[in-house]
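What follows is each chain in one-letter form.
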Amino acid sequence: MTRPHLSFQPFKATTLRSSCRLLVFTLIALCPPLAASAAEQQRPNVVLVFIDDMGWEDFSCFGNQDAQTPRIDRMAREGVRYEQFYVNSPICSPSRTAISTGQYPQRWRIGSFLNNRDHNNERGIAQWLDPAAPMLARSLQQSGYATGHFGKWHMGGQRNVDDAPYITEYGFDVSLTNFEGMGPKLLPLTLKPGDDEPGRIWADAERLGEGYRWMLRSKITGGFVDAAIPFIDEAQKNNQPFYVNLWPDDVHSPFWPPVDEWADGKRGLYLSVLEEMDRQLGKLFDRIQNDEDLRNNTLVLICSDNGPEQGAGSAGPFRGHKTHLYEGGIRSSLIAWGPGFVTRTNAVDTTSVFSAIDLVPTLLDITATKHPQDTTFDGESLASVFTGDGQSRTAPIFFRRPPDRDSYYGVDDLPDLAMRQGKWKLLCEYDGSSPELYDLDSDRGETIDVAAQHPNVAQGMTSAVVDWHQSMPQDNGATYRLKPKKKGRSR
């Protein structure tokens, strides 16, 4: 059967929902947006580059000595890098939910990576993100922005969960994703030295929404970039501000660098993929940097969705990895670039403490977009983090581990909850037992537990994080037990 070539034109639909979307897309194509007013043209564009499973130290501007990321480093030199930025989960789907909604992902029952239907039920998590969630993209779309998602989604539509909403139902005009989302997608071909023909992985995802194209996994970030740039061109032509998600997944295992950049071992393969991702992102950065209008009116944010897989990326001085509530699992290297908005250049912000949930209300305010009605964000609007000299959120940041990650990477009993408040970091069990307290000003590696020396601090923070945990919808973390591993791999 011949499949349609993937493009941003409406794809053939076979369901009522897809047919309705086809009609809407056709009307949009026939009736391009009216020219915006002068004030509208000045509303800033936003590009969010959200990288999958990359460690805090993996950009060379954050200290990586084993690989170089010169294109990302240039963005840092012309902007600010933040050393105390957090994502709101140590694993992908909830982290993506937080940065999309401005709310703790537990509110939407997304506490771990979305998997097959049975596994989601066993862990007590949702099958997909409820479209009623207060999506940043939808608020921007309703206020006149062109909105596009290019890259990994993983908030619904994966494995045998094929009845999830399409990405465009969350406020995006167009989308192009990988094997973990509903709608048009790029699917990965694999090739290593000595192979005569490329292989295929995640082929079952062909059925998750109409429209797909196979391409080498080593080039897929470039495929997303090549889709995002025409989207930007069209928005600029229509004098329409734009919001773009560019969410690469190539530094998530399995690692498939170009054949001529092949390396030895897990770490070597990871570093080759990292450098190739930087090269491919460079085309997007060049498009924005070399256009005076875009350069002066675009804010680019670059970070990772959680800490690194063990043996691949590096969390640098921080303890722990992906899935852990220690700093290595939740602290993310953030770069903000935008000569028209970011007032500091080649700066390192070591003091601003904030997280992904803060980005949504912050970006709504920076773009002069109304907050959705009847919505209370867990995040705080912190515009001066980018437009001034820095700012920290006033409320604590709370965390809950994925329900299926009580034991991981050789640690038999990981803390269930965590909290960051000021210089203090506390971790404990669901009931508040076994508290660990760290002074991150003097011990960012979380090596010395000072709970016994500061009992009042430990007690107060323990009470606060347990109260927060109990206020959230519950998952099955207290009762879930890992089953014997089967052949294959998880995300």
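Note that this is a predicted model, so its numbers are computed, not measured.

A. Here's a closer look at the packing of aromatic side chains. Here the structure, examined in full by the defined rule, presents 20 aromatic pairs. Stacked on the ring of Phe62, the Lys or Arg Arg81 has its end atom at 4.9 Å from the ring centre. Lying over the aromatic face of Trp214, Arg200 brings its terminal NZ or CZ to 4.4 Å of the ring centre.

B. Layout of the nonpolar core. The biggest cluster of nonpolar side chains holds 50 residues, and the ones touching the most others in it are Phe59, Phe150, Phe242, Val244, Leu246, Ile302 and Ile335. Residue contributions to this core peak at 10 residues, all from helix 8 (residues 265–289). Filtering out sequence-adjacent residues up to four positions away, Ile335 remains in contact with Phe59, Cys61, Phe62, Ile72, Met75, Ala76, Val80, Arg81, Val300, Leu301 and Ile302. Counting residues in hydrophobic clusters, the runner-up holds 44 residues, among them Ile99, Leu114, Phe172 and Leu334.

C. Region of the structure containing the pattern of salt bridges. Summed over the entire model, instances satisfying the criterion amount to 35 salt bridges. Of the charged contacts in the structure, one is a salt bridge between Asp378 and Arg107, with a shortest N-O distance of 2.8 Å. Of the two residues, Asp378 is situated in the loop between helix 11 (356–366) and helix 12 (384–387) and Arg107 in the loop between helix 4 (92–101) and helix 5 (117–123); the sequence distance between them amounts to 271 residues. Among the salt bridges present, the one from Asp249 reaches Arg217, with a minimum N-O distance of 3.4 Å. Placement of Asp249 in the loop between strand 8 (242–247) and helix 8 and of Arg217 in the loop between strand 7 (212–216) and helix 7 (220–237) is noted, with a sequence separation of 32 residues between them. Across the pair, Arg217 and Asp249 agree in class, each one buried. Among the charged side chains, a salt-bridge network with shared partners connects Asp52, Arg96, Lys152, Arg159, Glu180 and Asp305.

D. Local environment of the sheet that holds strand 15 (residues 424–428). With respect to topology, 4 strands assemble into an open sheet ordered 13-14-15-16, the strand pairing being antiparallel. Edge strands, defined here as strands with exactly one partner in the open sheet, are strand 13 (397–400) and strand 16 (436–439). Between one strand axis and the next, the sheet turns by 15 degrees as a mean value, whatever way the strands run. Across 4 bridges, the pairing between strand 13 and strand 14 (residues 417–421) is antiparallel. Within strand 14, the residue paired with Arg400 across the bridge is Leu417. Across the sheet, helix 13 (residues 455–471) is in contact with strand 13, strand 14, strand 15 and strand 16; its angle to strand 15 comes to roughly 60 degrees.

E. The packing of helix 7 against helix 8, seen in detail. One way to put it is that helix 7 packs onto helix 8 with a least axis distance of 9 Å and a crossing angle of 5 degrees. Put simply, helix 7 runs roughly parallel to helix 8. Along its contact with helix 7, which presents Ile220, Thr221, Gly222, Val225, Asp226, Ile229, Ile232, Asp233 and Gln236, the element helix 8 presents Met277, Gln280, Leu281, Lys283, Leu284 and Arg287.

F. View of the sheet that holds strand 6 (residues 199–200). One open sheet holds the 3 strands; their spatial order is 6-5-7, and the pairing between them is mixed. For this open sheet the edge positions go to strand 6 and strand 7, each flanked by a neighbour on one side alone. Bridge analysis of strand 5 (residues 185–190) against strand 7 gives 5 bridges, and the strand direction is parallel. Each bridged residue has a counterpart across the sheet, and for Leu186 the counterpart in strand 7 is Arg213. Against the sheet, helix 7 engages strand 5 and strand 7, with an angle of about 155 degrees to strand 5.

G. Highlighting the side chain of His252. Locating His252 in the fold gives a position in the loop between strand 8 and helix 8. Taking the relative accessible area as the measure of exposure, His252 reaches 1% and is therefore buried. Side-chain polar atoms of His252 contact the side chain of Asp53, separated by 3.5 Å.

Calculation criteria
Residues numbered from 1 in each chain as written. Predicted model: local features only at pLDDT ≥ 70, side-chain atom pairs only at ≥ 80, totals over all residues. Heavy atoms only, no water. Phe/Tyr/Trp six-rings, centres within 6.5 Å; stacked < 30°, edge-to-face > 60°. Lys NZ or Arg CZ within 6 Å of the ring centre and 35° of its normal. Core = buried A, V, L, I, M, F, W, Y, C linked by side-chain atoms within 4.5 Å. Buried < 20%, exposed > 50% of the residue type's maximum accessible area, 1.4 Å probe, protein only. Helix = DSSP H or I, 4+ residues; strand = E, 2+ residues; numbered from the N terminus. Contact = heavy atoms within 4.5 Å. Salt bridge = Lys/Arg side-chain N within 4 Å of Asp/Glu carboxyl O. Pairing = 2+ DSSP bridges. Axes fitted to C-alpha atoms, helices over the stretch in contact; angles between N-to-C directions. Parallel < 35°, antiparallel > 145°, perpendicular 65-115°, else oblique. Polar contact = N/O pair within 3.5 Å; in protein donor to acceptor, adjacent residues only side chain to side chain.

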